Amino acid sequence: MARGPTTDEQELPAYPIRAYQLIPDPNQPDVVALAIETDQGHSLFLATREILQDLGKDLLERAAKMPVKPGRS
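Numbering of residues starts from 1 in each chain and follows the order in which that chain's sequence is written. Local features in this predicted model are restricted to residues of pLDDT 70 or higher, and side-chain atom pairs are both shown and tallied only at a pLDDT of 80 or more, whereas totals for entire chains, interfaces and linings draw on every residue. Note: side-chain values were computed over all heavy atoms of the structure, leaving out hydrogens and water.

Enquirer: So what's going on with the environment of Tyr 15? Residues and values would help.
Expert: Each helix is a run of DSSP H or I of at least 4 residues and each strand a run of E of at least 2, with the numbering of both proceeding from the N terminus. Along the chain, Tyr 15 falls in the segment before strand S1 (19-24). The class of Tyr 15 is partly exposed, set by a relative accessible area of 42%. With 23 residues separating them in the primary sequence, Tyr 15 and Thr 38 have C-alpha atoms 6.2 Å apart. Residue burial is assigned from relative accessible area. The probe radius is 1.4 Å, only protein chains are included, and a residue is buried under 20% of its type maximum, exposed over 50%, and partly exposed in between.

Enquirer: Any chance you could break down the pattern of salt bridges for me, citing the residues and the numbers?
Expert: Any Lys or Arg side-chain nitrogen located within 4 Å of an Asp or Glu carboxyl oxygen qualifies as a salt bridge. Using the criterion set out here, one finds 2 salt bridges in the structure. Among the salt bridges present, the one from Asp 39 reaches Arg 18, with a minimum N-O distance of 3.0 Å. Here Asp 39 is found in the loop between strand S2 (31-38) and strand S3 (41-48), whereas its partner Arg 18 is found in the segment before S1, with 21 residues between them in sequence. What makes Asp 39 exposed here is its relative accessible area of 55%. Among the ionic pairs, Lys 57 bridges to Glu 61, the shortest N-O distance being 3.6 Å. One end of the pair, Lys 57, and the other, Glu 61, are both in helix H1 (residues 49-65), 4 residues apart, so they sit about a helical turn from each other. The exposure class assigned to Lys 57 is partly exposed, which follows from its relative accessible area of 49%.

Structure, rendered in structure tokens:
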């Protein structure tokens, strides 16, 4: 679940994720860059260990609730 300050609800554009990459920084071993690629370009986010753990847990929980497409397992 997302944590941190909340703001008024906004409608934001949504783009399908085409690829992602985790990029470690040898000068900052306590953070990692999460690069996400869409048709509109790349976005880069810095994340701590705790954020990555929470994000991974939330993604797995959400994926488990989604239907499996036919032909995939």
